[in-house]
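Tertiary structure, described
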Amino acid sequence: MAEGGHYDIVVLGGGSGGYACALRAAELGKRVALIEKDKVGGTCLHRGCIPTKALLHAAEIADASRESEKFGIRTSFEGVDMPGVLSYQQSVVDRLWKGLQSTIASRKIDTIIGDGRLASPTSVVVGDSLYTGDHIVLATGSVPKSLPGLSIDGERIISSDEGLRLDKVPASAVILGGGVIGVEFASVWRSFGAEVTVVEMLPQLLPLEDEASAKHLQRAFRRRKIGAELGVAFESVKYTDTGVAVSLANGKTLEAELLLVAVGRGPVSAGLGYEDNGVAMTRGYVDVDPLCRTSVPTISAVGDLIATPQLAHVGFAEGILVAERIGGLDVRPIDYDGVPRITYSDPEVASVGITSAQATERGITVAEVNYPLGGNGRSVILQTQGQAKVIAEATPDGPGRVLGIHLVGSRVGELIAEGQLIYNWDAEPADVAALIHPHPTQSEIIGEAHLALAGKPLHFHA
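A brief look at the structure comes next. Residue numbering note: each chain is counted from 1, following its sequence as written. Side-chain atom pairs in this predicted model are given and counted only at pLDDT of 80 or more, local residue features only at pLDDT of at least 70, and totals for whole chains, interfaces and linings cover all residues. The side-chain numbers reported here are obtained from all heavy atoms of the structure, hydrogens and water having been left aside.

Regarding the overall build of the protein chain
Spelled out, the test is: Each helix is a run of H or I in the DSSP string that is no shorter than four residues. Each strand is a run of E no shorter than two, and both are numbered from the N terminus. Both definitions apply: the radius of gyration is a C-alpha atom measure, and the globule rule equals 2.2 Å times residues to the power 0.38. Residue contacts are defined here by distance: any two heavy atoms, one from each residue, within 4.5 Å place the two residues in contact.
On a plain count of helices and strands, the protein chain comes out with 13 helices and 24 strands. Taking 2.2 N^0.38 as the reference for a compact globule, 462 residues should give roughly 23 Å; the C-alpha atoms of the protein chain span a radius of gyration of 24 Å, in line with that estimate. Summarising its shape, the C-alpha atoms of the protein chain cover approximately 70 × 65 × 45 Å along the three principal directions. Long-range contacts, defined here as pairs at least 24 residues apart, represent 64% of the contacts in the protein chain between residues at least 6 apart.

What follows is the structure in structure tokens.
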């Protein structure tokens with residue numbers, strides 16, 4: 001076997017967690033090899049975050065053209081040119097991919113394209129070449145999951161991968177799974193004109209979000225005529241002359257042109273030599289401690305491969321943490337409650353911190369306020385509905401530390417960064433109430449909610 005070279009760090013997987021680790025390690029003076037079987041950028045850039053959000057922006061344009069007359073603008077909606085949409089989508093991906101490749105090259109990171117496999121606690125084999133390192137970082141990501149007995153054929157029964165490449169708008173679709181992926185596809189396809197029904201086994205859409213946010217989203221989806229079968233399990237699917245027939249545990253059968261399986265993503269770890277080399281695993285996920293160390297001292301793991309929130313920005317943070325730990329810097333574990341979460345549907349759902357249900361589970365007494373977007377000038381201009389909910393710890397002296405911020409409405413994803421600062425800096429409602437938010441902006445909903453919780457509401461009444 002040919003000697004591929006020796007490095008301070010060999011990173012297996014060039015997605016968000018892997019390339020972030022490589023970039024930060026190189027900044028710290030480490031010699032780094034980045035091994036990727038496809039294209040650097042991974043799922044997020046090529047099959048996830050970026051192409052999905054490009055579709056969602058195109059969907060927003062479609063809705064705006066349909067609804068322009070209510071703003072006094074006369075235009076017409078002539079349809080969706082899916083090849084044109086896909087061309088736009090790919091142009092966005094290509095531009096970011098080229099920029100990422102340039103950044104990686106500028107840090108003098110060696111990129112090796114090929115299927116890598118862990119050969120020992122200090123080496124990775126790619127083809128006939130062996131790459132050795134003082135430290136190995138596993139970052140092989142995730143792929144769409146299905147259910148037992150449910151086969152994805154890529155045509156009538158598809159995953160998000162095929163959904164992003166559809167060159168026509170389906171006339172109708174059943175979406176199995178009401179998490180982030182399912183909700184975003186439902187929003188896109190409805191804006192493009194499809195009849196859509198979401199099937200979710202748990203009682204609400206976006207099961208990980210606060211119940212109040214889910215209720216707002218569900219009402220908005222009903223107004224948009226997006227169907228939802230909640231609290232019901234999938235039983236089976238069969239082909240029909242025009243598509244598929246999906247049978248549910250409540251006795252209903254839903255017919256549609258296609259079925260999108262959006263039941264989550266599973267780790268890419270099988271057959272890669274992890275367990276063979278002593279890496280402890282649970283249900284395919286690599287076990288790590290709070291600093292992303294595996295059971296093998298020379299091996300770390302980051303991103304969707306470990307059982308942490310499957311978010312690109314979590315992968316970035318974990319990759320940076322590992323690089324800095326290996327580089328000898330003082331690092332702290334990530335507070336995953338403090339990571340912002342966004343669903344880019346119409347309306348958007350954004351949050352940071354814990355939900356009311358989680359507070360109850362943890363035995364925390366809380367004070368809450370729900371500030372409706374109807375009291376916010378900018379939201380009225382945008383014709384969006386929703387709310388800002390703030391959850392704070394209840395103390396004898398009044399509301400204490402803010403524990404959660406939950407937003408629903410158009411464009412609220414851009415606001416949650418402020419929520420992240422409030423949560424992670426242990427701010428109290430009175431601290432935020434003292435800040436002046438610009439008018440008229442949607443950022444005022446965060447200020448107004450904290451004003452109300454601090455006992456001095458402005459544009460708000462119970």
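So, empty space enclosed by the protein
As a reminder of what qualifies: Using a 1 Å grid laid over the protein atoms alone, points where a 1.4 Å probe fits but cannot get out form a cavity; open sets with protein on both sides within 12 Å along at least 5 of 7 lines form a pocket; any residue with an atom within 4 Å of a point counts as lining. Grid points are joined across faces, edges and corners, and a volume is the space filled by probe spheres set on the points. Polarity classes work like this: nonpolar for Ala, Val, Leu, Ile, Met, Phe, Trp, Tyr, Cys and Pro, charged for Asp, Glu, Lys and Arg, and polar for all others, with Gly in that last group.
This structure, assessed with the given rule, holds one cavity of 30 Å³ or more. Counted as a void, the largest cavity has a volume near 60 Å³. Lining of the largest cavity is provided by Leu55, Met82, Gly163, Leu166, Lys168, Val169, Pro170, Val188, Trp189 and Phe192. The class makeup of the residues in the lining of the largest cavity is eight nonpolar, one polar and one charged.

A word on the packing of helix α3 (residues 49-67) against helix α4 (residues 82-106)
Going by this rule: Helix axes are fitted to C-alpha atoms over the stretch in contact, other axes to C-alpha atoms as well, and angles between N-to-C directions run from 0 to 180 degrees. Each angle gets one of four labels, with under 35 degrees taken as roughly parallel, over 145 as roughly antiparallel, 65 to 115 as roughly perpendicular, and the rest as oblique. In a left-handed crossing the near helix is turned counterclockwise from the far helix by less than a right angle, and in a right-handed crossing that turn is clockwise.
In the contact formed by α3 and α4, the axes pass within 9 Å of each other and the chain directions differ by 140 degrees. Considering the angle they form, α3 stands oblique to α4. Along this stretch, α3 crosses α4, giving a crossing that reads as right-handed. Of the residues in α4, those touching α3 at Ile50, Pro51, Ala54, Leu55, His57 and Ala58 are Val85, Tyr88, Gln89, Val92, Val93 and Leu96. Here the contact of α3 with α4 is composed, by residue class, of 10 nonpolar, two polar and no charged.

Here we look at the side chain of Ser187
On the secondary structure map, Ser187 appears in helix α6 (residues 180-191). Setting aside residues up to four positions removed in sequence, Ser187 forms contacts with Leu56, Phe221, Arg224, Ile226, Ser345 and Asp346.

Thoughts on the nonpolar core
Our working definition: What we call a nonpolar core is a set of buried Ala, Val, Leu, Ile, Met, Phe, Trp, Tyr and Cys residues that are connected through their side-chain atoms within 4.5 Å. When accessible area is computed with a 1.4 Å probe and restricted to protein chains, residues below 20% of their type maximum are described as buried, those above 50% as exposed, and intermediate ones as partly exposed.
With 48 residues, the main nonpolar core has Val11, Leu138 and Tyr274 as its most contacted residues. Contributing elements (two or more residues each) for this core: β1 (2-12), α1 (16-27), β2 (32-36), α4, β5 (123-126), β6 (129-138), β19 (299-301) and α8 (312-326). When residues in this core are grouped by element, the largest group, six residues, is from α1. Apart from residues lying up to four places away in sequence, Leu138 is in contact with Leu12, Leu118, Tyr274, Ile299, Ser300, Ala301, Val302 and Leu305. Counting residues in each nonpolar core, the second largest holds 32 residues, with Ala62, Leu164, Val196 and Leu258 among its members.

Looking at the pattern of salt bridges
As a reminder, the rule being used: Salt bridge, as applied in this entry: a Lys or Arg side-chain nitrogen positioned within 4 Å of an Asp or Glu carboxyl oxygen.
The final tally for this structure, using the stated rule, is 20 salt bridges. A salt bridge links Glu257 to Lys168; the shortest N-O distance between them is 2.3 Å. Of this pair, Glu257 sits in the loop between β14 (253-256) and β15 (258-261) while Lys168 sits in the loop between α5 (160-163) and β9 (172-176); the two residues are 89 residues apart in sequence, bridging distant segments of the chain. Judged by relative accessible area, which is 23%, Glu257 ranks as partly exposed. The closest approach of N and O atoms between Glu195 and Arg190, which form a salt bridge, is 3.5 Å. With relative accessibility at 17%, the residue Arg190 sits in the buried group.

With respect to the environment of Thr343
Note on placement: Thr343 falls in strand β20 (residues 341-343). You can call Thr343 buried: its relative accessible area is 1%. Along the backbone, Thr343 and Val183 are 160 residues apart, and their C-alpha atoms lie at a distance of 7.8 Å. When sequence neighbours within four positions are dropped, the list of residues in contact with Thr343 reads Val180, Val183, Glu184, Leu206, Glu348 and Val349.

Points about the layout of surface pockets
Reported here for the second largest pocket is a volume of approximately 1200 Å³. Lining the second largest pocket are 34 residues; nearest its centre among them are Glu60, Asp63, Asp346, Pro347 and Ser410. Listing elements by their share of the lining of the second largest pocket, those giving two or more residues are α3, α6, α7 (211-223) and α10 (377-382). The element best represented in the lining of the second largest pocket is α3, accounting for nine residues. Of the residues contributing to the lining of the second largest pocket, the split by class is 11 nonpolar, 10 polar and 13 charged.

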